[in-house]
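# Summary of structural features
Letter by letter, the chains look like this.
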Amino acid sequence: MTSPTSPVRVRYAPSPTGIPHIGNIRTALFCWVLARQTNGQFIVRIEDTDRSRYDADAEKAIFESLDWLGLDWDEGPGKGGPHSPYVQSERQETYVAAAMQLVESGHAYFDDTTPEQLHALRERQRAAKQPPRYDGRGRHRSPQEIEESRQAGLPITVRLKVPDHGSVSFIDAVRGKITFELRELDDFVILKSDQMPTYHLAHILDDHAMGVTHVIRGDEWISSTPRHLLIHQALGIDPPTYVHVPLILGKDKAKLSKRHGATSALEYRDQGFLADAVFNFMCLLGWSPGDDTEIMTREQIVERFSIDRINDSPAIFDSEKLEWLNGVYIRNMDEQSLMARLLPFMERPEAEGGLSDTVERPIDRDYLMRLLPLVHERLKLLTEGTETLDFFFADNVSPAAEDLPGRKMDMEMTGRALAAAAELCRVTTPFEPEQLEAEYRALAEKIEMKPGQLFSPIRVAITGKTFAPPLFDTMAAIGQERCVARIENALKILRSSTVAPAEQ
RNA sequence: GGCCCCAUCGUCUAGUGGCCCAGGACACGGCCCUCUCAAGGCUGAAACAGGGGUUCAAAUCCCCUUGGGGCUACCA
């Protein structure tokens, strides 16, 4: 099976019953890429035929996820198109009409078996160690009997007549030929008693009406594909090309679910991942360009993508690797764009992960621009802006006394270092990185300490942390006055502490 | 239980009969660089699930076993 070169029409057809997770969105992404590559159309269609499970928030999240990842659609909700509407609940008459047509042509029939009866049937089968399946009893109901049930208010469904022998096969674009024995299938429902179609009927009608050429969907649909083939036959239409993509699993190799932590694209957005990085990463789950290339722009992916190279086996979502990739993307960004991305996270309320509420909003752009080069290559997530830059914005910091001593330093030595540092800090001019470094290195020599030893307590005094951007750039950015105050403050903290320094 | 799908380092993967005593990336260990943390460079450990075939030759083809997953709804 080769990858298409002529324009494809592909669709992403989510059901608004839950926030779309990574695996689901990855399918949308494959669709989008293929559509862009072949100059085809990417269609979005909402499959909301299950009215009891409909969730408006989920529907919102679907569009938000697509927007965030930049998966723009050519036809669909909010966009329109030649096959409107793109919401199944608004296409109900089509499905009902098709179901009636199938009944008339003898491919389907009305069934008045109640859910209770169905349940009882399955219980009996289970008890007899038989596979639970519908026994086709509705096939023998007369129109009169059905009408009586209808009058009595019993639920009526439409079921497809499945031949009891023979087999169906199809060529899956990623797996090759797959065959199913028809006797394994029972007569399944195509129109529910609320006059809504099941997925099986609805998607086929829509895909056909919308001219969908390739159905790209998760692996879990392979088992119901024979049903879909049967419906196509009954309707006298040709099935599309099926492309069943492998699932994305959680760390424990189980289907992705809530307990795996972040599972939706939106959660990754909120955790500070870049859409481009997530896009890139998701493409690599279940697909590879065939060489060692991993970092690719959308354009490169669009150019290189191929159905032939979609993997057969499921992938586990490794968020550690995503973090690395996100860091790569951040490092490749220019400072202006980085600032634009960082700002929304840093300007959130403190309680939501932003800078201290005492820091004035909007944040001083010029100052932030000056700081970014110091932390740029250290960031892996956009949410880290706050924690790596907070001390630049704070009036003062309060380091823990036990953090102040550097390697192989006791309290006395630390005190001497800080005292000398404070003194020098007051007089250094100009207060610039090169000047500071030169003078502090000289100071270290003068008080007979290794540069690293002298710098450690200063760093902690200035930043409140044991790790930070390069010290002298940091000091220069913070300014002489605040630096002096912080070193003196640290000295005070050190002297008032009675605890021994922690073993280094 | 039945049916279907899947199976290369911990993870993502390259590999489509000889180029593979299996390559890359993340993570992990070591070294270098170094004012800390990163970044970067070098380097190490780490896999063809098992068993049968086919073949001069198999990670690659076939069969079985095992393991994982999915489906078996008036959910999608």
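Residues numbered from 1 in each chain as written. Chains lettered and ligands numbered in written order. Predicted model: local features only at pLDDT ≥ 70, side-chain atom pairs only at ≥ 80, totals over all residues. Heavy atoms only, no water.

## Observations concerning the protein's contact with RNA strand B
- Residues in close proximity to RNA strand B total 64 residues, the closest being Lys-192, Glu-377, Arg-378, Arg-441 and Arg-459.
- Sugar plus phosphate, as a fraction of atoms of RNA strand B within 4 Å of the protein: 71%.
- For RNA strand B, a phosphate oxygen lies 3.4 Å from a polar atom in the side chain of Arg-159.
- Mapped onto the surface near RNA strand B, the elements with two or more residues apiece are helix H4 (115-127), strand S4 (157-160), strand S6 (176-181), strand S11 (315-316), helix H11 (319-331) and helix H17 (451-463).
- When residues in the surface near RNA strand B are grouped by element, the largest group, four residues, is from H11.
- In the surface near RNA strand B, the residues fall into 25 nonpolar, 15 polar and 24 charged. (Near = heavy atom within 4 Å. Polar contact = N/O pair within 3.5 Å; in protein donor to acceptor, adjacent residues only side chain to side chain. Helix = DSSP H or I, 4+ residues; strand = E, 2+ residues; numbered from the N terminus. Nonpolar A, V, L, I, M, F, W, Y, C, P; charged D, E, K, R; others polar.)

## Details of the domain arrangement of chain A
- For chain A, the assigned domains read domain 1 (9-87 + 248-320), domain 2 (91-245), domain 3 (333-393) and domain 4 (401-503).
- Using C-alpha coordinates to define each centre, domain 1 is positioned 29 Å away from domain 3.
- In this assembly, six residues from domain 1 lie in contact with seven residues from domain 3.
- The three residues of domain 1 that bury the most area against domain 3 are Gln-271, Gly-272 and Leu-274, which together make up 71% of that side's buried surface.
- Linking domain 1 with domain 3 are zero salt bridges, by the criterion used here.
- For the interface between domain 1 and domain 3, the tally reads two residue pairs in polar contact (both at pLDDT 80 or more).
- Tallied by class, residues from the side of domain 1 that touches domain 3 come to two nonpolar, two polar and two charged. (Domains from an automatic or database assignment. Contact = heavy atoms within 4.5 Å. Buried area = accessible area lost by both parts, 1.4 Å probe. Salt bridge = Lys/Arg side-chain N within 4 Å of Asp/Glu carboxyl O.)

## Side note on the pattern of salt bridges
- The final tally for this structure, using the stated rule, is 29 salt bridges.
- One salt bridge in this structure joins Arg-9 and Glu-75, with 2.8 Å as the shortest N-O distance. Taken together, the positions of Arg-9 in strand S1 (residues 9-12) and Glu-75 in the loop between helix H2 (56-69) and helix H3 (92-104) put the pair 66 residues apart, joining distant regions of the chain.
- Judged by its relative accessible area of 15%, Arg-9 falls in the buried class.
- Two residues, Asp-206 and Arg-91, come together in a salt bridge whose shortest N-O distance is 2.9 Å. With a gap of 115 residues between them, Asp-206 in helix H6 (residues 199-209) and Arg-91 in the loop between H2 and H3 connect regions that are remote in the sequence. (Buried < 20%, exposed > 50% of the residue type's maximum accessible area, 1.4 Å probe, protein only.)

## Let's talk about the sheet that holds S4
- The antiparallel open sheet is built from three strands, whose spatial order is S3-S4-S7. Whereas interior strands pair on both sides, the edge strands pair on one side only; in this sheet they are strand S3 (108-111) and strand S7 (189-191). Going from strand to strand, the sheet's axes swing by 45° on average, the running direction of each strand aside.
- The pairing of S4 with S7 spans two bridges and is antiparallel. Paired with Val-158 across the strands is Leu-191, a residue of S7. (Pairing = 2+ DSSP bridges. Axes fitted to C-alpha atoms, helices over the stretch in contact; angles between N-to-C directions.)

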